[in-house]
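Commentary on secondary and tertiary structure
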Amino acid sequence: MSEVYANRRSRLREHFNAAGTAAALVTRPANVRYLAAAAPQGAVLLLGRREDLLVCAGPPEDRPYEGRPDENLRLHVLPTPAGDAAVAAAGLAAAQGADSLAVEEHHLTVARHRTLTSVAPAVRLADIGGAVEQLRVVKDEEEISCLRIGAEIADQALGELLESILVGRTERHLALELERRLVDHGADGPAFPTSVATGPHSGRRGHRPTDRRVEEGDFLSVCLGATYRGYRCEIGRTFVIGTSPADWQIELYDLVFAAQRSGRESLAPGAAYRDVDRAARQVLDSAGYAEALPPLTGHGVGLEIDEDPQLAPAAMGKLDACVPVTVEPGVHLPGRGGVRIDDTLVVRPEADGGPELLTITTKELLAL
């Protein structure tokens, strides 16, 4: 595995060297982890002229589920835990003779950027932009394996919840139980705050659970995700509670299901991001729900739950193979509720069977 991280750092070095920069400082935590395997909180990565250093305020803690830093990286531990690793790294870059340093301006605060300049006044700071984020878009099979296991854990947790008694329990209680089940099945923790939405709350994207209790006849929308070895996936499903669904519930569910299927089927290498969004969106738009639709149909997942690419109407770019994304259309009708269906998939060419579905819990409209 050490070779994998060395290759990632080498690709990044080619990028900033081609832009005329001698060294690079990576500060965004997910990017540091991508390039260094694991890192203590607050650690930064210096890709220097003479060697690469993982600069941190203290030694790595023994957290087996997080792993250890790449053994080929030399650790530079600050003499005092209160020090700023990024500031120290800028000084180290200058000591190595670098006359220029690429930094992640989108992650640094203005104050921190000014401090870097003051510590290394002879070093020209340049913006590396989203270079590391772009490297992270296409996943290798080890990364996809982590996502696949995370999806299995999320499916297990959701499946067990569906077998329990739900009527009378609060959204908040159900969300906490789901997060406990994720950990019980081997997750590092939830990939994001679990959303449980009942009745008039159902179908809302990112709904924060309340003390509303589940009632007979409710739509119940659940969105959860597991983190496994740092990689995050998500799944969302909608059910009806305790009784046969009403006609309007069946109609709305079938429509969102058709939109989600259309989006999933459009996932292919070379497909434009906006075309995937359009495939799902036009199904709902043509049925008169344009005003009720979320701003995007899906997004990339990985070390963060919301990564590039963004599957949205104005998104630029095309999908590559081995890119994991969500497809999550939904409709929320104020005062009534709604439907959201969310899967994590990996883009695969048709010759390899097309998009790989990681989250496999049934999408049939169940009455629980």
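About the criteria used
Residues numbered from 1 in each chain as written. Predicted model: local features only at pLDDT ≥ 70, side-chain atom pairs only at ≥ 80, totals over all residues. Heavy atoms only, no water. Axes fitted to C-alpha atoms, helices over the stretch in contact; angles between N-to-C directions. Helix = DSSP H or I, 4+ residues; strand = E, 2+ residues; numbered from the N terminus. Parallel < 35°, antiparallel > 145°, perpendicular 65-115°, else oblique. Left-handed = near helix turned anticlockwise from the far one by under 90°. Contact = heavy atoms within 4.5 Å. Nonpolar A, V, L, I, M, F, W, Y, C, P; charged D, E, K, R; others polar. Pairing = 2+ DSSP bridges. Buried < 20%, exposed > 50% of the residue type's maximum accessible area, 1.4 Å probe, protein only.

If you check an unreviewed UniProt entry, the protein appears there as Aminopeptidase P family protein from Streptomyces sp. 900105245.

Time to look at the packing of helix α6 (residues 141-162) against helix α7 (residues 171-184). Look at α6 against α7: their axes get within 9 Å of each other, and the N-to-C directions meet at 135°. Relative to α7, α6 is oriented oblique. The way α6 lies across α7 gives a crossing that is right-handed. Facing α6, whose interface residues are I153, A154, A157, L158, E160 and L161, α7 presents L174, E177, L178, R181 and L182. In terms of residue class, the contact of α6 with α7 is built from eight nonpolar, no polar and three charged.

Attention now moves to the sheet that holds strand β10 (residues 226-228). Pairing is antiparallel across the open sheet formed by three strands, whose spatial order is β7-β10-β11. Of all the strands in the sheet, the pair left with one neighbour each is β7 (189-190) and β11 (231-232). In terms of strand pairing, β7 meets β10 through two bridges, oriented antiparallel. When the sheet's bridge partners are listed, P190 is paired in β10 with A226. Against the sheet, α6 touches β10 and β11, its axis set at about 140° to β10.

When you tally the buried positions in helix α2 (residues 29-36), you get six out of eight residues, the bulk of the element. Looking at α2, one finds that the buried residues are A30, N31, V32, Y34, L35 and A36. Residues of α2 that are buried in the fold lie against α1 (2-18), β1 (23-26), β2 (44-47), β3 (52-56), α5 (131-137) and α6. Among the residues trailing α2, A37 stands out with phi positive, at a value near 80°.

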